[in-house]
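Structural characterization, general
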Amino acid sequence: MPDTEKTEKVVAPIAPTTTAEAAPPDSAPAPEPTAAPEAEPAEPALDDAEEYERLLDMYDVSFRNFAEGEVVRGQVLRVSESEVVVDVGYKSEGMIAIEEFRDENNEISVKAGDSVDVLIEKTENREGYVVLSKEKAEKMKVWDEVERAYQERRVVTGRVIERVKGGLAVDIGVRAFLPGSQVDMRPVRNLDALRGEELRMRVIKVNKKRGNIVLSRKAVLEEENAEKKQETLATLEEGKVLDGVVKNITEYGAFVDLGGIDGLLHITDMSWGRINHPSEVLNVADEIKVVVLKFDRESERVSLGMKQLQADPWTTATIKYPVGARVKGRVVSLTDYGAFVELEQGVEGLIHVSEMSWSKKVKHPSKILAVNQEVECQVLGIDQEAHRISLGLKQVESNPWEQLAEKYPIGAKITGKVRNLTEFGAFVEVEEGIDGLIHISDLSWTKRVKHPSEVLKKGDTVEAVVLNIDADNQRLSLGLKQLATDVWQDFFASHQVGDVVEGKIVRITTFGAFVELAEGVEGLVHISELDEKRVDNPEEQFKPGDTFPMKIIKVQEDDRKIGLSIKAVKTDEYQQDLQTYRESSSSDRSTIGDILRAQQEAAAAREKEAED
């Protein structure tokens, strides 16, 4: 029964029952009573009067204490499918829609006997109930709390609802706005990532009439950061090991929050091993241990290291990887000049392109190796201070050049294909990957070759003679002319210094004339040996094709050089004529005129013989 009914029953006086009213209906009508004076109502006893006054006061006080827009505490009387009945101590109960009590899972979060804060919207509706609202009461309380937080500069906590224009919508009990510029101390590119996050913020603007609340998370972070920074700076020193959080990653390193102050962890100080990008080792928000490598208190710059917390693997590299040892590793990088092989984390060696194959000419390491390939190689050299190890790939295989001398001794004849021609000779492929060089000077005994293409063509199959093998430098010298007879040796075997030979001038130079003595054999008549008289310009007196008797005055067999003299032959003839004269003068007394005529006749005969 409603409280109004209860109150009315208590307040209304009870009238006494008369005899007429008590008579049964079937009895005869009673005679009308004589008029009697009105009876005065009986006054209640003293105790009843006090109770009556108390109830009236309670009624008046209850009515006066309630006003529309006021938040009061009530007690749930009952819960139905559509509404919740709440007793707030008023003369009638209040009604609240059941929807205001549903939680996030759409379940009813109230039961009879619970106490709730409600807002009085109307003191009484048409049905006589008080109109109440739980949601509006909660919002009124939140607004009051927000205003106090704003005035007292207290931190509030809220959950990000969604991204809106210019920032984020945040639930702090009521909807509030967090500008994008106030989300963090640094610009946040992806605000959507904060959806659902619980954030600590400060109220920087509030307008209850307009329902406007502006928040700042940046202000809270800056204050906290300033406090942490002072604490960190007080204890920060080089060599100290600290815990930090990765805030940002760049191509050259990562910035680590040490507690109010950021330090730079360079990529070269992250690991003893090879790192192409810091993201291979770290992620944003990672908690890591670092050591302070350098600290400038004035500029507040801090350089950090992570690999320094571990032992340097190069300290034991010379013991683990001595020269000559065979080791296994993984190819981590390829360049134009070689391949880098990781032997262990932090220790790499280089296989130079020249150390990859005994026989093949490797133009690029990718022709033989690939990144992440496991390889076996040999240590060729190590520089611990420079952190360098030279490795060889071909050294783990047998050297075909060392076997070449056994297969092809000097003087042996081999057959191969001309693979390439250069200005200084021809390269002949003897075996797969092994080329021999026929130098231009070894192409012909007799022909003066200006270019190998005059004798050979690329792709020709030729026979040659092994002249020399240098296994260390991987050089094989071949000769083509050695297959034929050496005309120079034949000439030197049948001629010596002092012999007079017949020669034909083939070329004239400013310093003399080259003379052909036999097919493929040439000698030089120096300008001083051309005639008894001084010769300033040989071309004026001699021409190619002229033939003269000449004397061999010099021989260099190793260099295949022959020095000749036309003048010496004329001098010998003069001496011979003089000797003849002396011999004849002793037996026959001739006049001087006879001797001169004889010499002239002899000179004329020689000139005629030369012309013929």
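The structure we're discussing is the one just above.
These lines cover the structure that appears in this document, whether it is placed above or below. Quick caveat, the model's predicted, so the values are computed rather than measured.

Some points on helix H8 (residues 487–494)
Of the positions making up H8, those classed as buried are Trp488, Phe491 and Phe492. Looking straight down H8, one finds that the buried residues subtend no more than 95° of arc, so they occupy a single side.

Considering the sheet that holds strand E11 (residues 241–249)
Taking strand neighbours around the barrel as the criterion, the five strands line up as E11-E12-E13-E15-E14 in a closed arrangement whose pairing is mixed. Ignoring strand direction, the axes of neighbouring strands in this sheet form an average angle of 50°.

Details of unusual backbone geometry
If you check the backbone angles, Ala285 has positive phi at about 85° while not being a glycine. In this model, Gln474 sits at a positive phi of 55°, which is unusual for a non-glycine residue. Structurally, the position occupied by Gln474 is in the loop between strand E24 (461–470) and strand E25 (475–479).

Description of the packing of aromatic side chains
Applying the stated criterion across every chain yields a total of five aromatic pairs. Ring centres of Tyr337 and Phe340 lie 6.4 Å apart, and the angle between their planes is 85°; this geometry places the pair in the edge-to-face category. Relative to Phe514, the ring of Phe511 lies with its centre 6.1 Å away and its plane at 85°, an arrangement referred to as edge-to-face. The class for Phe511 is partly exposed, based on a relative accessible area of 38%. Cation over ring: Arg274 sits above Phe340, and NZ or CZ is 5.2 Å from the ring centre. In this arrangement the basic side chain of Arg507 is found over the ring face of Phe514, its NZ or CZ atom lying 4.5 Å from the centre.

Concerning the pattern of salt bridges
For side chains bearing opposite charge, pairing can occur when the charged atoms are close. This structure, assessed with the given rule, holds 23 salt bridges. Its salt-bridge partner being Glu223, residue Arg202 comes within 2.6 Å of it at the nearest N-O pair. You can see Arg202 sitting in strand E9 (residues 198–207) and its partner Glu223 sitting in helix H5 (residues 217–235), a full 21 residues away along the chain. Accessibility expressed as a relative area gives 8% for Arg202, which makes it buried. A residue is classified by how much of its surface remains accessible, and Glu223, at 33% relative accessible area, is partly exposed.

Criteria and cut-off values
Residues numbered from 1 in each chain as written. Predicted model: local features only at pLDDT ≥ 70, side-chain atom pairs only at ≥ 80, totals over all residues. Heavy atoms only, no water. Buried < 20%, exposed > 50% of the residue type's maximum accessible area, 1.4 Å probe, protein only. Helix = DSSP H or I, 4+ residues; strand = E, 2+ residues; numbered from the N terminus. Arc of directions from axis to C-beta. Pairing = 2+ DSSP bridges. Axes fitted to C-alpha atoms, helices over the stretch in contact; angles between N-to-C directions. Phe/Tyr/Trp six-rings, centres within 6.5 Å; stacked < 30°, edge-to-face > 60°. Lys NZ or Arg CZ within 6 Å of the ring centre and 35° of its normal. Salt bridge = Lys/Arg side-chain N within 4 Å of Asp/Glu carboxyl O.

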